[in-house]
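Single-letter residue listing:
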Amino acid sequence: MKNIFKILLLCLVSIGIFSCENDEIKTVMSSKGEAPALTASKTSYVLTATTANDTTVAFTWNRSNYGFQAAVRYTLQIAKAGTSFAAPKEISLGNTVQFKYTTADFNQLAIILGLKPNAVGQLEVRVKSNIADAVADIYSNVLSVSVTPYIVVINYPSLWVAGDFQGWNPVTAPKISSRNSNGIYEGYVNIVGGTRQFKYTSQPDWNGTSYGWASSTTTGSDVTGTFSSSGGNLFVPEDGYYLLKGNTNSNTWSATKTTWGIIGDATANGWNGDVPMVYDATKNVWKVTTTLKAGALKFRANGAWGLNLGDTGADLSLEYDGDNITIPANLAGTHTITLDLKAGNYTYTIE
């Protein structure tokens, strides 16, 4: 009886081993994997500041299929059309299959990628799917998206510069602005014609506070001084494009005459000298058409580094002593560069 039991047990074990060897379930990965399919809420966007905080742009995709259950990592890639995703902006999203942008965020992204404000440009979007470094990434379809970005304009607290050079009309007067809302104002004003006299006004009419001359010192074409709410007219000694400042905390003001140029190894003169820009009085901007090389450039006034502007954040908004503006190799060639210094919103374009 014991022998029969042993024989039966041995048979069962043998059958089990044989069965496992033949019925083993093998995990087989698809040779390439099935790529996700990408869709967008729209494929054409005209962006406006009025919807800056709205969720405007959404990208969605289905999950990749590698033939087995895998921990997939997705990366959304967005690039300027025609660049073959050589240097895309990437958003790592883990296992998420959707990503949304506000108007403001997508607008900034479009500008950083090289689209021009107030003009239709093209972006390309795809999703990269990855499961391991040893396994080749797979990519979704490429979506082409038309985008018209806008330049961000902020209405800072301001003083209006009304004078005889513009008919003493505060309504149409240029402004100087306080970017930090701290009573310290500055702005660039083209003062040409008449006796070049003016006042600062706290609103675009004569019903608010008007700041006029109390004292001044003139050095060449530049002026520094103090003002009061009961003073006479402020003035500059000659026609020109002036950086005007006003401080309502200390009641001081100044006027510095400027001309502008570009400098950098992307320009014909390198870092050794400026390429002059020409003022367009009709559009109130500075312009130059010149040949650029791969490299970097900045804007500066009066051929010196005391007043220079760069672009920190690569968003077409300029800051004093900001980062160099990079000109990549694919943008080398002849371009028209425009510098716009209106009311605290210092911007530029390269066309």
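Relevant structure appears above.
Keep in mind that this is a model prediction, so the values were computed, not measured. (Residues numbered from 1 in each chain as written. Predicted model: local features only at pLDDT ≥ 70, side-chain atom pairs only at ≥ 80, totals over all residues. Heavy atoms only, no water.)

**Student:** Where do I start with the overall build of the protein in this structure?
**Tutor:** If you tally the helices and strands in the protein, you get two helices and 28 strands. For 351 residues, the compact-globule estimate of 2.2 N^0.38 gives 20 Å, and the C-alpha radius of gyration of the protein, at 32 Å, exceeds that figure by more than 25%. Taken along the three principal axes of its C-alpha coordinates, the protein extends 125 × 45 × 35 Å. Taken across its 351 residues, the protein has 42% of its residues classed as buried. Once local pairs closer than 6 in sequence are excluded, the contacts in the protein between residues at least 24 apart make up 62%. Carbon and sulfur atoms provide 54% of the accessible area of the protein, an area that totals close to 18000 Å². Averaged over its 25 positive side-chain charges, the protein has a centre that lies 5 Å from the centre of its 26 negative ones. (Helix = DSSP H or I, 4+ residues; strand = E, 2+ residues; numbered from the N terminus. Rg over C-alpha atoms; globule rule 2.2 N^0.38 Å. Buried < 20%, exposed > 50% of the residue type's maximum accessible area, 1.4 Å probe, protein only. Contact = heavy atoms within 4.5 Å. Areas by Shrake-Rupley, 256 points an atom, 1.4 Å probe, with all protein chains shown as cover. Lys, Arg positive; Asp, Glu negative; His and termini not counted. Charge placed at Lys NZ, Arg CZ, Asp CG, Glu CD.)

**Student:** Would you mind going over the nonpolar core with me for this structure?
**Tutor:** General note: in soluble globular proteins, nonpolar side chains tend to be found buried as a group. Counting 29 residues, the largest nonpolar core has Phe 59, Leu 76, Ile 78, Tyr 101 and Phe 106 as its most contacted members. Sequence-distant contacts of Leu 76, that is, excluding residues within four places in its chain, are made with Phe 59, Trp 61, Lys 89, Glu 90, Ile 91, Leu 93, Phe 99, Tyr 101, Val 125, Arg 126 and Val 127. Formed by 27 residues, the second largest nonpolar core is a distinct cluster that contains Tyr 188, Trp 286, Leu 297 and Ile 337. (Core = buried A, V, L, I, M, F, W, Y, C linked by side-chain atoms within 4.5 Å.)

**Student:** Would you explain the pattern of salt bridges in this entry?
**Tutor:** When their charged atoms lie close together, side chains carrying opposite charge are able to pair. For the structure shown, the criterion picks out five salt bridges. One salt bridge in this structure joins Arg 300 and Asp 274, with 2.8 Å as the shortest N-O distance. Here the residue Arg 300 occupies a position in strand 23 (residues 295-301), and Asp 274 occupies one in the loop between strand 19 (260-263) and strand 20 (275-276), the gap between them amounting to 26 residues. No difference in accessibility class separates Arg 300 from Asp 274, as the two residues are buried. (Salt bridge = Lys/Arg side-chain N within 4 Å of Asp/Glu carboxyl O.)

**Student:** Help me understand the packing of aromatic side chains, please; the structure alone is not making it clear to me.
**Tutor:** Summed over the entire model, instances satisfying the criterion amount to 19 aromatic pairs. Plain terms: the ring middles of Phe 59 and Phe 106 are 6.4 Å apart, the flat faces sit at 50° to each other, and that makes the pair tilted. One end of the pair, Phe 59, is in strand 3 (residues 55-61); the other, Phe 106, is in helix 2 (residues 103-112), and 47 residues separate them in sequence. In this structure Phe 106 comes out as buried when scored by relative accessible area, which is 0%. Ring centres of Tyr 101 and Phe 106 lie 5.2 Å apart, and the angle between their planes is 55°; this geometry places the pair in the tilted category. For the pair shown, Tyr 101 and Phe 106 are each scored as buried. Among the aromatic side chains, those forming a connected cluster through ring pairs are Tyr 188, Tyr 241, Trp 260, Tyr 279, Trp 286, Tyr 320 and Tyr 346. Between Arg 179 and the ring centre of Tyr 346, over which it is positioned, the NZ or CZ distance is 5.5 Å. Across from the ring centre of Trp 305, 4.6 Å away, lies the NZ or CZ of Arg 300, which sits over that ring. (Phe/Tyr/Trp six-rings, centres within 6.5 Å; stacked < 30°, edge-to-face > 60°. Lys NZ or Arg CZ within 6 Å of the ring centre and 35° of its normal.)

**Student:** Would you mind going over the sheet that holds strand 1 (residues 38-40) with me for this structure?
**Tutor:** Paired through backbone hydrogen bonds, the strands of a sheet run either parallel or antiparallel to each other. Taken together, three strands build an open sheet; the order of strands is 1-3-6 and the sheet is antiparallel. The strands lining the two open edges of the sheet, one partner per strand, are strand 1 and strand 6 (98-102). Across the sheet, the axes of successive neighbouring strands diverge by a mean angle of 15°, strand direction being ignored. By the bridge criterion, three bridges tie strand 1 to strand 3 in an arrangement that is antiparallel. Among the inter-strand pairings, Ala 40 is bridged to a residue of strand 3, identified as Phe 59. (Pairing = 2+ DSSP bridges. Axes fitted to C-alpha atoms, helices over the stretch in contact; angles between N-to-C directions.)

**Student:** Looking at this model, I keep getting lost on the pairing of strand 13 (residues 197-201). Mind explaining?
**Tutor:** Both faces of the sheet carry side chains from a regular strand, because those side chains alternate between them. Extensive coverage of strand 13 is indicated by the burial of four of its five residues. As defined by bridge partners, strand 10 (residues 158-163) adjoins strand 13 across four bridges and the pair is classed as antiparallel. Looking at the pairing, Trp 160 lines up with Thr 201 of strand 13. Across two bridges, the pairing between strand 13 and strand 16 (residues 234-235) is antiparallel. Considered in strand 16, the bridge of Gln 197 is made with Phe 235. Sheet topology places strand 13 next to strand 14 (residues 210-219); two bridges connect them, and they run antiparallel. Residue pairing in the sheet places Thr 201 in a bridge with Ser 210 of strand 14.

**Student:** Before we go on, may I ask you to explain the environment of Ile 111 in this structure?
**Tutor:** Mapped onto the elements of the fold, Ile 111 is located in helix 2. For Ile 111, a relative accessible area of 7% corresponds to the buried category. Along the backbone, Ile 111 and Pro 157 are 46 residues apart, and their C-alpha atoms lie at a distance of 26 Å. In contact with Ile 111, other than residues within four places in its own chain, are Pro 117, Pro 149, Tyr 150, Ala 314, Asp 315 and Leu 316.

**Student:** Looking at this structure, how should I read helix 2?
**Tutor:** Because the α-helix completes a turn every 3.6 residues, residues three or four places apart line up on one side. Within helix 2 the residues assigned to the buried category are Thr 103, Phe 106, Asn 107, Leu 109, Ala 110 and Ile 111. For helix 2, the secondary structure elements touched by its buried residues are strand 3, strand 4 (73-80), strand 5 (89-92), strand 6, strand 7 (121-130) and strand 9 (143-148). Phi for Gly 114, located one or two positions after helix 2, is positive at around 105°.

**Student:** Honestly, the environment of Thr 256 in this entry has me stumped. Any pointers?
**Tutor:** Residue position: Thr 256 is located in strand 18 (residues 252-258). Each C-alpha atom of the pair Thr 256 and Ala 301 lies 10 Å from the other, and the pair is 45 residues apart in sequence. Setting aside residues up to four positions removed in sequence, Thr 256 forms contacts with Asp 222, Tyr 241, Tyr 242 and Leu 243.

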